[in-house]
Amino acid sequence: MTAPMTEAAIATTVRRPWLLFALATVALWGVWGALSPLSAEHGFPDTLVYCVWALTMLPPALYILWRNGRALEHSPRAVAYGMAIGLLGAGGQMLLFHTLTVGPAYFVFPIISLSPVVTIALSFAFLRERTGWKGALGIVLALVALPMLDLSFGRGADGLGWFLQSLLIMLAWGVQAYFMRLANHTVRAESIFFYMTVAALLLAPVAMLMTDWSQPVNTGLDGPWMTAAIQLLNAIGALTLVYAFRHGKAIVVAPLTNAGAPLVTAVLALLFASVVPGTLKMVGLVLALVASLLLVLEPEPDAAQAAPEHGRPAPLP
């Protein structure tokens, strides 16, 4: 009896697909975060970066549908979930463009970085997700670290419009992650990501209208083409995030990916650009590292604990 039980315990610990997808998201978004400033530095505006990003969502969306040999789901539930997830994410990005023109980035980003708080609260209350002490401590440390990773000091801005807009972005991205987990109970990840792509493309004309065409736009290789290569990392990271939410708890996946990606970005900036973070950000990086380790080391629940509660449908294979 002892040997089979030991093997089962090892298998439970090793087979953690959510962790593989979450770490892939952290790596992809971390590299993307380090490279993304290059577009603006080479004269390609953020609004057009959005349009390019929306287009880069198409190749992975079409590939996974073809690779898995699964037809696109057309049920009202699939369309509603996928479009809601896509519009919440893309709409938050659209609002961020405007928010950064009226408010200080050093306050805006720490506020929106707390979006996992919304995801955790909703998942705790409505999906009844729970975790052990390591996971709980990791979540707390990640939530403390996230604002510190983006926080810098500077002159304030008049008015509170930017503050309310920042809260709306935080809410939109937090609810988006919650819906991503909820949708994965009944809709396949391939369909979710496809409708996310459609939603992103639908808002591309808005980004075009927001573009200041009076300024020169770089259309060379280091403009839209370099941007496409960088944003493809973002798009594939969004895909692996959908799969991470399919297999893992939102209360763990959300803080891990949101804290882990800036950590990778900071390490790359230190290695290749010799950019040394300030004291506050360094503390945030250490907390993010500890939080990520705790979330990774949190053991998986057994089959009984992982079973859906109160008749909630189990995740699709």
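Since this is a predicted model, take the numbers as computed values, not measurements.

1. Side note on the overall build of the protein chain
- Along the backbone of the protein chain there are 16 helices and 0 strands.
- In the protein chain, which comprises 317 residues, the proportion classed as buried is 44%.
- Across the protein chain, contacts joining residues at least 24 apart in sequence account for 93% of those joining residues at least 6 apart.
- Surface accessibility of the protein chain: about 15,700 Å² in total, with carbon and sulfur atoms responsible for 72%.

2. Things to note about helix α7 (residues 105–112)
- Within the sequence span of α7, burial applies to Tyr-106, Val-108, Pro-110, Ile-111 and Ile-112.
- In this structure, the buried residues of α7 make contact with α6 (76–102), α8 (115–126), α9 (133–150) and α10 (161–183).

3. Brief notes about the pattern of salt bridges
- This structure, assessed with the given rule, holds 1 salt bridge.
- Of the charged contacts, one joins Arg-181 and Glu-129 as a salt bridge, the two residues approaching to 3.2 Å between their closest N and O atoms. Placement of Arg-181 in helix α10 and of Glu-129 in the loop between α8 and α9 is noted, with a sequence separation of 52 residues between them. Of the two residues, Arg-181 and Glu-129, both sit in the buried class.

4. Digging into the packing of aromatic side chains
- One pass over the structure, following the stated rule, counts 10 aromatic pairs.
- Taking the centre distance of 6.4 Å and the plane angle of 90° together, the rings of Tyr-50 and Phe-97 count as edge-to-face. Of this pair, Tyr-50 sits in helix α4 (residues 46–56) while Phe-97 sits in helix α6, and the two are 47 residues apart along the sequence.
- According to the relative accessible area criterion, Tyr-50 is buried, its value standing at 3%.

5. A word on a nonpolar patch on the surface
- On the surface, a nonpolar cluster with roughly 410 Å² of combined accessible area is contributed by Leu-270, Val-276, Met-282, Val-286 and Val-290.
- Within the secondary structure layout, Val-286 lies in helix α15 (residues 279–297).

6. As for the packing of α8 against helix α14 (residues 250–273)
- Taken N-terminus to C-terminus, the directions of α8 and α14 make an angle of 170°; their axes are 8 Å apart at the nearest point. Between α8 and α14, the angle falls in the class roughly antiparallel. Residues Ser-115, Pro-116, Thr-119, Ile-120, Ser-123 and Phe-124 of α8 lie in contact with α14, whose contacting residues are Ala-250, Ile-251, Ala-254, Pro-255 and Asn-258.
- Across the contact of α8 with α14, the residue classes break down as 7 nonpolar, 4 polar and no charged.

7. Let's talk about the packing of α6 against α10
- Following both chains from N to C, one finds α6 and α10 inclined at 160°, their axes separated by 9 Å at the closest point. Between α6 and α10, the angle is such that the two are roughly antiparallel. Remark: the crossing between α6 and α10 carries left-handed chirality.
- In terms of residue class, the contact of α6 with α10 is built from 16 nonpolar, 8 polar and no charged.

8. Regarding the environment of Cys-51
- Tracing the backbone shows Cys-51 in helix α4.
- Overall, the relative accessible area of 10% leaves Cys-51 in the buried class.
- Residues within four places of Cys-51 in sequence aside, it is in contact with Ala-204, Ala-207 and Met-208.

What counts, and where the lines are drawn
For every chain, the first residue of the written sequence is number 1, and numbering continues from 1 onward in sequence order. This being a predicted model, a pLDDT of at least 70 is required before a residue's local features are given, and a value of 80 or more before pairs of side-chain atoms are given or counted; all residues contribute to the totals for chains, interfaces and linings. Note that the side-chain values use all heavy atoms of the structure and ignore hydrogens as well as water. For helices the rule is a DSSP run of H or I covering at least 4 residues; for strands it is a run of E covering at least 2, with both sets numbered from the N terminus onward. In this scheme, a residue with accessible area under 20% of its type's maximum is buried, one over 50% is exposed, and one in between is partly exposed, where area comes from a 1.4 Å probe on protein chains only. Here a residue-residue contact requires only that any non-hydrogen atoms of the pair lie within 4.5 Å. Only the protein chains shown count as cover for residues, and the accessible areas themselves come from Shrake-Rupley with a 1.4 Å probe. Here, a salt bridge means any side-chain nitrogen of Lys or Arg that lies within 4 Å of a carboxyl oxygen of Asp or Glu. Only centres within 6.5 Å qualify two rings of Phe, Tyr or Trp (six-membered ring in Trp) as a pair; their planes then separate them into stacked at under 30 degrees, edge-to-face at over 60, and tilted for everything else. Exposure above 30% relative accessible area and the lack of any salt bridge qualify a residue for a patch; like charges then connect within 9 Å, and the nonpolar side chains Val, Leu, Ile, Met, Phe, Trp and Tyr within 5 Å. Axes here refer to lines fitted to C-alpha atoms; in helices the fit is confined to the stretch in contact. Angles between the N-to-C directions go from 0 to 180 degrees. Roughly parallel means an angle under 35 degrees; roughly antiparallel means over 145; roughly perpendicular covers 65 to 115; every other angle is labelled oblique. Note on residue classes: Ala, Val, Leu, Ile, Met, Phe, Trp, Tyr, Cys and Pro are nonpolar, Asp, Glu, Lys and Arg are charged, and everything else, Gly too, is polar. The hand of a helix crossing depends on one turn: near helix anticlockwise from the far one by less than a right angle means left-handed, and clockwise means right-handed.

None of the figures reported here should be taken as evidence of function without further support.
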